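# Coordinates in review
What follows is the residue order along each chain.
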Amino acid sequence: VFALSVVFAAQYRNASMTDGHAIAMQPTATVKSTPNEASVDLFVLHEGVKVRVLDSVGQFANIELSDGRQGWIKASEIEII
């Protein structure tokens, strides 16, 4: 029981330490208004920009920049850190 408790505690600690940030990995990536290829382009994200991942739907991730702008980007264009 003790060993199982330690394992669960370690998993909980690791999960709570992860704050859902990611880095843009493409030279330029278009952020869209909805998780859809045909949606409106909101802004362009450049390689190396740190974002916070709020949600994901299919192959898209909902992101937020440090200035508060939000949008959807292909999950393959960012890398979770």
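Everything discussed here concerns the structure shown above.
This part takes up the overall build of the protein chain. The number of helices and strands found in the protein chain is one helix and seven strands. Its helices and strands in sequence order give the protein chain the pattern α-β-β-β-β-β-β-β, from N to C terminus. Against the globule reference of 12 Å for 81 residues, the protein chain gives a C-alpha radius of gyration of 16 Å, more extended than a compact globule. Considered along the principal axes of its C-alpha atoms, the protein chain spans approximately 55 × 25 × 20 Å. Across the 81 residues in the protein chain, those meeting the buried criterion constitute 27%. In the protein chain, once contacts between residues fewer than 6 apart in sequence are set aside, the share between residues at least 24 apart is 44%. Summed over its atoms, the accessible surface of the protein chain is roughly 5,500 Å², and 56% of this surface lies on carbon and sulfur atoms. Averaged over its 6 positive side-chain charges, the protein chain has a centre that lies 4 Å from the centre of its 9 negative ones.

Time to look at the pairing of strand β1 (residues 21-24). Alignment of β1 against strand β4 (residues 50-57), held across three bridges, turns out to be antiparallel. Note on β4: the bridge partner recorded for Ile23 is Lys50.

Following the sequence through the fold, Ser56 ends up in strand β4. Sequence separation of Ser56 and Lys74 is 18 residues, and the distance between their C-alpha atoms is 9.4 Å. When near neighbours in sequence (up to four residues on either side) are disregarded, Ser56 contacts Ala61 and Trp72.

A separate point is the side chain of Ser39. Summarising the element assignment, Ser39 is placed in the loop between β2 (28-32) and β3 (41-46). Among the polar contacts listed, one links the side chain of Ser39 to the backbone oxygen of Asn36, at a separation of 2.8 Å. If we ignore the near neighbours within four places in the chain, the residues touching Ser39 are Lys32, Ser33 and Thr34.

Further remarks concern the side chain of Asn62. Along the chain, the position of Asn62 falls in strand β5 (residues 60-64). Look past the residues within four positions of Asn62 in its chain and what remains in contact with it is Arg52, Val53, Leu54, Asp55, Gln70, Gly71 and Trp72.

A word on the pairing of β4. As judged from the five bridges shared by β4 and β5, these two strands associate in the antiparallel manner. Within β5, the position partnered with Val53 by the bridge is Ile63. Between the antiparallel neighbours β4 and β5 lie two residues, among them Gly58 with a positive phi of about 60 degrees.

What counts and how
- Residues numbered from 1 in each chain as written.
- Predicted model: local features only at pLDDT ≥ 70, side-chain atom pairs only at ≥ 80, totals over all residues.
- Heavy atoms only, no water.
- Helix = DSSP H or I, 4+ residues; strand = E, 2+ residues; numbered from the N terminus.
- Rg over C-alpha atoms; globule rule 2.2 N^0.38 Å.
- Buried < 20%, exposed > 50% of the residue type's maximum accessible area, 1.4 Å probe, protein only.
- Contact = heavy atoms within 4.5 Å.
- Areas by Shrake-Rupley, 256 points an atom, 1.4 Å probe, with all protein chains shown as cover.
- Lys, Arg positive; Asp, Glu negative; His and termini not counted.
- Charge placed at Lys NZ, Arg CZ, Asp CG, Glu CD.
- Pairing = 2+ DSSP bridges.
- Polar contact = N/O pair within 3.5 Å; in protein donor to acceptor, adjacent residues only side chain to side chain.

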